[in-house]
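Reading the structure
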Protein chains: 10
Amino acid sequence: MTMVRLIYTSQLSDNCGVPEVRSILKAARVNNQKIGVTGLLCYDPTHFMQWIEGERNIISRLYHSIAADPRHTNVVLLDYGEIFQREFAKWSMAYVNPGDVSQDIILRYCSSIELNPYSMSAEAARSFMLDIAQMKRSTLDSDI
Amino acid sequence: MTMVRLIYTSQLSDNCGVPEVRSILKAARVNNQKIGVTGLLCYDPTHFMQWIEGERNIISRLYHSIAADPRHTNVVLLDYGEIFQREFAKWSMAYVNPGDVSQDIILRYCSSIELNPYSMSAEAARSFMLDIAQMKRSTLDSDI
Amino acid sequence: MTMVRLIYTSQLSDNCGVPEVRSILKAARVNNQKIGVTGLLCYDPTHFMQWIEGERNIISRLYHSIAADPRHTNVVLLDYGEIFQREFAKWSMAYVNPGDVSQDIILRYCSSIELNPYSMSAEAARSFMLDIAQMKRSTLDSDI
Amino acid sequence: MTMVRLIYTSQLSDNCGVPEVRSILKAARVNNQKIGVTGLLCYDPTHFMQWIEGERNIISRLYHSIAADPRHTNVVLLDYGEIFQREFAKWSMAYVNPGDVSQDIILRYCSSIELNPYSMSAEAARSFMLDIAQMKRSTLDSDI
Amino acid sequence: MTMVRLIYTSQLSDNCGVPEVRSILKAARVNNQKIGVTGLLCYDPTHFMQWIEGERNIISRLYHSIAADPRHTNVVLLDYGEIFQREFAKWSMAYVNPGDVSQDIILRYCSSIELNPYSMSAEAARSFMLDIAQMKRSTLDSDI
Amino acid sequence: MTMVRLIYTSQLSDNCGVPEVRSILKAARVNNQKIGVTGLLCYDPTHFMQWIEGERNIISRLYHSIAADPRHTNVVLLDYGEIFQREFAKWSMAYVNPGDVSQDIILRYCSSIELNPYSMSAEAARSFMLDIAQMKRSTLDSDI
Amino acid sequence: MTMVRLIYTSQLSDNCGVPEVRSILKAARVNNQKIGVTGLLCYDPTHFMQWIEGERNIISRLYHSIAADPRHTNVVLLDYGEIFQREFAKWSMAYVNPGDVSQDIILRYCSSIELNPYSMSAEAARSFMLDIAQMKRSTLDSDI
Amino acid sequence: MTMVRLIYTSQLSDNCGVPEVRSILKAARVNNQKIGVTGLLCYDPTHFMQWIEGERNIISRLYHSIAADPRHTNVVLLDYGEIFQREFAKWSMAYVNPGDVSQDIILRYCSSIELNPYSMSAEAARSFMLDIAQMKRSTLDSDI
Amino acid sequence: MTMVRLIYTSQLSDNCGVPEVRSILKAARVNNQKIGVTGLLCYDPTHFMQWIEGERNIISRLYHSIAADPRHTNVVLLDYGEIFQREFAKWSMAYVNPGDVSQDIILRYCSSIELNPYSMSAEAARSFMLDIAQMKRSTLDSDI
Amino acid sequence: MTMVRLIYTSQLSDNCGVPEVRSILKAARVNNQKIGVTGLLCYDPTHFMQWIEGERNIISRLYHSIAADPRHTNVVLLDYGEIFQREFAKWSMAYVNPGDVSQDIILRYCSSIELNPYSMSAEAARSFMLDIAQMKRSTLDSDI
Ligand SMILES: Cc1cc2nc3c(=O)[nH]c(=O)nc-3n(C[C@H](O)[C@H](O)[C@H](O)COP(=O)(O)O)c2cc1C
Ligand SMILES: Cc1cc2nc3c(=O)[nH]c(=O)nc-3n(C[C@H](O)[C@H](O)[C@H](O)COP(=O)(O)O)c2cc1C
Ligand SMILES: Cc1cc2nc3c(=O)[nH]c(=O)nc-3n(C[C@H](O)[C@H](O)[C@H](O)COP(=O)(O)O)c2cc1C
Ligand SMILES: Cc1cc2nc3c(=O)[nH]c(=O)nc-3n(C[C@H](O)[C@H](O)[C@H](O)COP(=O)(O)O)c2cc1C
Ligand SMILES: Cc1cc2nc3c(=O)[nH]c(=O)nc-3n(C[C@H](O)[C@H](O)[C@H](O)COP(=O)(O)O)c2cc1C
Ligand SMILES: Cc1cc2nc3c(=O)[nH]c(=O)nc-3n(C[C@H](O)[C@H](O)[C@H](O)COP(=O)(O)O)c2cc1C
Ligand SMILES: Cc1cc2nc3c(=O)[nH]c(=O)nc-3n(C[C@H](O)[C@H](O)[C@H](O)COP(=O)(O)O)c2cc1C
Ligand SMILES: Cc1cc2nc3c(=O)[nH]c(=O)nc-3n(C[C@H](O)[C@H](O)[C@H](O)COP(=O)(O)O)c2cc1C
Ligand SMILES: Cc1cc2nc3c(=O)[nH]c(=O)nc-3n(C[C@H](O)[C@H](O)[C@H](O)COP(=O)(O)O)c2cc1C
Ligand SMILES: Cc1cc2nc3c(=O)[nH]c(=O)nc-3n(C[C@H](O)[C@H](O)[C@H](O)COP(=O)(O)O)c2cc1C
């Protein structure tokens, strides 16, 4: 078995609002627990940014399924690599709205205070998501 | 702009034989030249293994399209990363049947003389494809 | 003298249950103290995973004897190397059921919450056993 | 799949002479080709020293079988580790009598001109076998 | 998008005094917030020294505009480089008079207690501005 | 004295054609020789890309003058840093049209065969200009 | 002047008991203070292990004198090297019986709980003596 | 500007006693403040050892003047190098008699408890003076 | 013994012309051979630049004597450090006029084609003198 | 087994001349071959300098015996360390008079053209002996 980490970003489709995100998250948690995937989903009214980690074949299959999901578009792979240890072993899919955390954290990695993950390098994406997780550690598992 | 390299492997679908591969390759070369993608496609009767490199958004879009192509299945992402220089700038899509090169080269990275790319690490996949390219350098652009 | 560390995994044979494990452990502690071997044995209803460290000739002899023991099967060597310092000098054979510790710790290294040591790299195996030991430090020497 | 390299040494049993070694080698080559194992066997009237490389589960199984073989004794594991590329892809089991090569090469790693692999560190064992192979490259596949 | 850091130094023009600096700073903060630039401006009666960070195209445009500003002369670029994280995400343009902080901090990087940024290497300039910022952290955003 | 290297890119203004470039180059060579600047200018019908190296104050002054030159627009700084040795000591201002060299060399660093220096990282810009220089070494000083 | 560290081990001669060790230590301290030597002497009923540090010529002369001392035999040099700082500047010759400290510390570096310094590498010897010193820091200068 | 650190040692001339050292120090402090030099002067009845840091030309001029000063002889340069930050920005010339601090600190770097700076390497000299400064930090600026 | 390398630069005094340089060189070679000093002297009508290497005490004494020599002024120390091997063991004092070699080599390290060693960093000075020596290797020992 | 390298230097006793050195060498070769020691002996009318390599216990015993040999005095240990490969496997005891080779080679490591091994660091001693061996490779085994 090879374990990998994959980070991508995308744009919410027009018809994808809070109820749809709730439902994605709910289903994702149930499914991820079954297939041994853990991770973190960031979202704001415009973008998704997701870190998924697990067995290599499973991550590929899940990623292809996510990439084809009509609830978002312009899916772009930001980072991918072999790991020997997960970062988010405790969360089947944690959730955070970066804007809820602090505007600084976005400006630290983006050209303005609006989250623009399409402009991030692999290193910035990884570092941004770990910063976000660090900040919300306590409240992360609360429902949306 | 960010330039990336992506390597995946997959299995030929039952109805995918030499004529289909010829046609994939022909179309790929035409399209890749238009979208600025270069790379190398290995194939034997059972597996594909492909290295594509180009602009990040374009590679993601192409990869999602390839991953959904019914002419192969079980697509698994092996390696992905930012580059500042292409390896295959000369080839819109070079082509090689590793078995035509030498059995050693397969055994060097696999448990038997049958190519098994699903068993390769990112490092092995990268190194294998560069070895293959090195060997065929002269004959690579010949038609299939 | 050369000192080495050896980690392997295996599957409990059908007729190997709690009483057999108790007896293995009891005998191992007596023998290891005599031959200067220290280490850690993890086990769950399905797998063994063991770290043994000591003089090189003695570790080879012990490992061959363990590998031939009918109380387990499919013994696979995960990690081996020269050391100049032991990690478990205090324990002739510590014992821990990883499931007793926390499910996270398993998921951190495996594709699901079931321990699957056959999927671990040498680095993951080493890191997993040190994590386990760290967590149970206080209660490790308690009888089974 | 994980690929590994394993080096061990041992002493020929009293009843193990040239005919037995011939027969080991002949059978090994047939079997190794089937199971995807490659490597190098050194031997002199007293010692064996062998490098085997291949898929991790297969190498463990083969090693346990070799360790239990009555044709030699005092089997001691010298080196073991994950690799992403084989060193001996061309040889199902190359063969060399180090004394045939040059006495220097033995003295370079041992305290006297008699081969004493039990005194070698992992690094010395690896370096010695690569030196030996380098020297005999041309004549290595000749029969014994 | 590429994010960069740029540090330059310059000399105040004869007709540039406290009121002019106040006005530069006020306008800079308004504009920088719009264009996503953050940073730190040091000044004493003789010199400016400024760290600006943001999107690459924007930083170039701003820098050319600053370099052509008649309120200072002898603009010299000290340091420039790609970053994946800002240092001053919290400040649209922080402000500090190094002499207010401590004379040591100037002498640490200059040949005398008078600030002489033209004598600083890129490394010294970077290190000096981070030291200054560190010291004033609490009072930095106060108006001039 | 501090010696630096500076690389920028820009777009030719509408009224800037071959005669204007000739005249820039001619004047630049005369001036650079006087002020101790050396370097390389690439250009195609759309872009300039220039490497200048020399004393730090002089390079800043020259760069500000170039950045304000109406014969090009959208000047963007790509790379800047201290050096202790020049790369182009032999040329007051070498000149090369990358398209004259080979299309590969552009595709190696860009998303298509059209030169797009705005998409290059500092590392890519540096590496591209050294590659170009390497290729034209022999013909570089020929007049345009 | 060159300062060096030297570590050796040896076996107590038959007629060397506690009174002799007391007398060695007493004389050593007086002499070492005169010649600027500092260090640590470990001993148990069977072995000596000593770290001496000081000026290179003096250490050589002292070592030859110690090596020829009939109160011990089988003197073997374990570690030697140039230093620019002493480890034991406070002790003309500290003294410790490792068995008094803890059995773990011996087992950490040896194959059994009996101290066997002949089996230690240079790195193990150095690390063992620093561990011992660390533990006894407070009580080290007490008389024997 | 280039900033450098210079360390030398010397012997007090016969007619150089406490009053002369007082006067050197007093004049040095006045002068160093004017020329932007900072540092540390160690002395005992026999030796001087001094660390001076500042602008390169100034340090050379000052060093030549010190080297020619008849109040000491046998001036030997121990260490010299470019720095981008001073170590002693707070002191125009701190002063310390190492013997006042602790004999250990001398023995740590010398063959006996008498300070012998002529025997020190550049690394030892640097480390010794920083140790000394560390210890006396609080009392360093007190008059002699 | 400690061996060191020292590089300085200076300006020829008004009354120091070719005959004086000849005489310096002639005397230097005789003296250096006696005191075990080797090196390289560069000079042009304006500057000296000299690399001397040998025993530490001797180099200090010689340097102080050179620094006080009225035939040049503004002596500035550029580089100094411990070595374990000389670079110029073959030459008691080689001699080269950099302008005789090639103007490039000067421009490579200076802001113009006039040698300006006062502007060089330690690294540039070292590298420049080794480049010069490399070029003249064959003709270096010829008389002036 | 541990293999080590040991380098020492010493002075020839008054009554030790060419015949004595011949006899040392002759006996050394016979003995070393028996005990598995190899190496290099340099000598000039004043000094010995010897590199011996072999099994650790044997090297210690031999060194103590050499150190006590009245044919030389002032034996000083210069370098010692664990090796996994010999440098002089071909020579039971090679022999070279450095003065016969070239005066440069001595001056490269010493303050004058007279060999002074007491002034060498461990690194210089090792490098000097390898240089010497390199030069004489062809003629080294010739009798004295
Ligand atoms: C932004 C986003 C994130 C998603 N994350 C997950 C996830 O972590 N796990 C998951 O099972 N499905 C996730 N999905 C849903 C999948 O796209 C898909 O609907 C789900 O895997 C079911 O796929 P299937 O119908 O092909 O089995 C996500 C969808 C979106 C749009
Ligand atoms: C193994 C394999 C490799 C392929 N490689 C490429 C390629 O390099 N470039 C490309 O344009 N299409 C490639 N294709 C074809 C794509 O899957 C897809 O058919 C093509 O991009 C047209 O996609 P579209 O119909 O979504 O535009 C490949 C298909 C397969 C099965
Ligand atoms: C999972 C497992 C772990 C074992 N660990 C040890 C051990 O640490 N020490 C030990 O002496 N025997 C251990 N044994 C028992 C050995 O396999 C063997 O029974 C024992 O060494 C006696 O071997 P012998 O009969 O060849 O002397 C273990 C057995 C199993 C199945
Ligand atoms: C020194 C030595 C080396 C051996 N090397 C191999 C080998 O490389 N491959 C192999 O299949 N068997 C090798 N064997 C033989 C095995 O020990 C064993 O006989 C063989 O794998 C058949 O095992 P099995 O009867 O358990 O199937 C070797 C035996 C010895 C004594
Ligand atoms: C020392 C100094 C620092 C400045 N810093 C900034 C700044 O951070 N942001 C900014 O927008 N303008 C800054 N300016 C003002 C610019 O030079 C310029 O006036 C401003 O960008 C408006 O330019 P424009 O008139 O070309 O739009 C600064 C000017 C000076 C003299
Ligand atoms: C693309 C480009 C490159 C240039 N390169 C140089 C150069 O290398 N050296 C130079 O002196 N001027 C160069 N110039 C011209 C300067 O912009 C400017 O005209 C020249 O330095 C005269 O400036 P001044 O009128 O401010 O003195 C270049 C101009 C352009 C558009
Ligand atoms: C284990 C051991 C350790 C010793 N350590 C020292 C020591 O640290 N310093 C010392 O002066 N003598 C030490 N000695 C004593 C010397 O061997 C020798 O007796 C002493 O240096 C007097 O030597 P001399 O008679 O040749 O002058 C030690 C002896 C033994 C057996
Ligand atoms: C040990 C020692 C240390 C000295 N340190 C300094 C110093 O740090 N600064 C200083 O200006 N002079 C120092 N001096 C004094 C100089 O040698 C010299 O007297 C002083 O710079 C005045 O030189 P001038 O007469 O050439 O101007 C020191 C002298 C000695 C003997
Ligand atoms: C540029 C220059 C380089 C010199 N190089 C050396 C040299 O390498 N060796 C030397 O002995 N003297 C050299 N000298 C001469 C010394 O400055 C001094 O005259 C010589 O060492 C005699 O010094 P003394 O009269 O103090 O003994 C050099 C002088 C100058 C101006
Ligand atoms: C400079 C020198 C080098 C020596 N080298 C060796 C050597 O390499 N091997 C050796 O056996 N004896 C060598 N010897 C001789 C030993 O000192 C000693 O005489 C020899 O080992 C016999 O020792 P034993 O009488 O204690 O057995 C050397 C002696 C000297 C003076």
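Overview of the structure. Note that the structure is a prediction, hence the values are computed from the model and not measured.

**With respect to the relation of the copies chain I and chain H**
Of the two same-sequence chains, chain I is brought onto chain H (RMSD 0.0 Å, axial shift 0.0 Å) by a rotation of 180°. On this basis, the relationship between the two copies can be described by a two-fold rotation axis. No C-alpha of chain I lies nearer the rotation axis than that of Tyr 80 of chain I, which sits 2.9 Å from it. Counting the interface residues of chain I, we find that 100% of their copies in chain H are interface residues as well, pointing to one common contact surface.

**Section: the arrangement of the chains**
The least C-alpha distance between chain A and chain I, which are not in contact, is 33 Å. Between chain B and chain J there is no contact, and the shortest C-alpha to C-alpha separation is 28 Å.

**Examining the site of ligand 9**
All names here are of chain I. Neighbouring residues of ligand 9: 14 residues in total, closest Asn 31, Asn 32, Gln 50, Ser 65 and Asp 69. A distance of 2.7 Å separates a nitrogen atom of ligand 9 from a polar atom in the side chain of Asn 32. A distance of 3.1 Å separates an oxygen atom of ligand 9 from a polar atom in the side chain of Gln 50. Bound to the protein, ligand 9 loses 70% of the 610 Å² it would expose on its own. Counting residues per element, the ones that place at least two in the shell around ligand 9 are helix 1 (18–35), strand 3 (47–55) and helix 2 (56–67).

**Details of helix 1 (residues 18–35) of chain F**
All names here are of chain F. Taking 1.5 Å as the rise per residue, helix 1 with 18 residues should run 26 Å; its terminal C-alpha atoms sit 25 Å apart, in good agreement. Among the residues making up helix 1, those that are buried are Val 21, Leu 25, Ala 28, Arg 29 and Asn 32. Buried residues along helix 1 sit in contact with strand 1 (3–12), strand 2 (38–43), strand 3 (47–55), helix 2 (56–67) and strand 5 (94–96). Of the residues one or two after helix 1, Gly 36 is the one with positive phi, at around 70°.

**Examining the site of ligand 3**
Residue and element names in this part refer to chain C. As a structural note, the neighbourhood of ligand 3 is formed by 14 residues, with Asn 31, Asn 32, Gln 50, Ser 65 and Asp 69 the closest of them. Asn 32 places a polar side-chain atom, nitrogen or oxygen, 2.7 Å from a nitrogen atom of ligand 3. In the environment of ligand 3, an oxygen atom lies 2.7 Å from a nitrogen or oxygen atom belonging to the side chain of Asp 69. Here ligand 3, which alone exposes 610 Å², has 71% of that area covered by the protein. Every element with two or more residues in the shell around ligand 3 is listed here: helix 1 (18–35), strand 3 (47–55) and helix 2 (56–67). The biggest single contributor to the shell around ligand 3 is helix 1, with four residues. In the shell around ligand 3, the residues fall into seven nonpolar, five polar and two charged.

**Describing the interface of chain I and chain H**
Facing the 20 residues of chain I at the interface are 20 residues of chain H. Among the residues chain I hides against chain H, the three largest losses belong to Arg 56, Leu 77 and Tyr 80 of chain I. Together they make up 37% of the total. Taken together, chain I and chain H are joined by zero salt bridges. Here chain I and chain H share 12 residue pairs in polar contact (both at pLDDT 80 or more) between them. Broken down by secondary-structure element, the contributors of at least two residues to the side of chain I that touches chain H are helix 2 and strand 4 (72–83) of chain I.

**A closer look at the side chain of Asp 44 of chain I**
Residues and elements named next belong to chain I. Inspection of the secondary structure assignment puts Asp 44 in the loop between strand 2 (38–43) and strand 3. Take Asp 44: its relative accessible area is 12%, and that puts it in the buried class. Of note is the side chain of Asp 44, whose polar atom sits 2.7 Å from the backbone nitrogen of His 47. Look past the residues within four positions of Asp 44 in its chain and what remains in contact with it is Leu 12, Asn 97 and Leu 115.

**With respect to helix 2 (residues 56–67) of chain A**
All names here are of chain A. Spanning 12 residues, helix 2 covers 16 Å between terminal C-alpha atoms, matching the ideal 16 Å at 1.5 Å per step. Listed in full, the buried residues belonging to helix 2 are Arg 56, Ile 59, Ser 60, Leu 62, Tyr 63, His 64, Ile 66 and Ala 67. One side-chain oxygen of the residue at the start of helix 2 lies 3.0 Å from the amide nitrogen of Asn 57, identifying that residue as Glu 55.

**Focus on the sheet that holds strand 2 (residues 38–43) of chain E**
All names here are of chain E. Reading across from one edge, 4-1-3-2-5 is the order of the five strands in this open sheet, with mixed pairing throughout. Edge strands, defined here as strands with exactly one partner in the open sheet, are strand 4 (72–83) and strand 5 (94–96). With direction set aside, neighbouring strand axes in the sheet form an average angle of 15°. Sheet topology places strand 1 (residues 3–12) next to strand 4; nine bridges connect them, and they run antiparallel. What sits directly across from Leu 12, in strand 4, is His 72. Running at roughly 160° to strand 5, helix 1 (residues 18–35) makes contact with strand 1, strand 2, strand 3 (47–55) and strand 5 of the sheet.

What counts, and at which threshold
- Residues numbered from 1 in each chain as written.
- Chains lettered and ligands numbered in written order.
- Predicted model: local features only at pLDDT ≥ 70, side-chain atom pairs only at ≥ 80, totals over all residues.
- Heavy atoms only, no water.
- Least-squares fit on C-alpha atoms with pLDDT ≥ 70 in both.
- Contact = heavy atoms within 4.5 Å.
- Near = heavy atom within 4 Å.
- Polar contact = N/O pair within 3.5 Å; in protein donor to acceptor, adjacent residues only side chain to side chain.
- Areas by Shrake-Rupley, 256 points an atom, 1.4 Å probe, with all protein chains shown as cover.
- Helix = DSSP H or I, 4+ residues; strand = E, 2+ residues; numbered from the N terminus.
- Expected span 1.5 Å × (residues − 1).
- Buried < 20%, exposed > 50% of the residue type's maximum accessible area, 1.4 Å probe, protein only.
- Nonpolar A, V, L, I, M, F, W, Y, C, P; charged D, E, K, R; others polar.
- Buried area = accessible area lost by both parts, 1.4 Å probe.
- Salt bridge = Lys/Arg side-chain N within 4 Å of Asp/Glu carboxyl O.
- Pairing = 2+ DSSP bridges.
- Axes fitted to C-alpha atoms, helices over the stretch in contact; angles between N-to-C directions.

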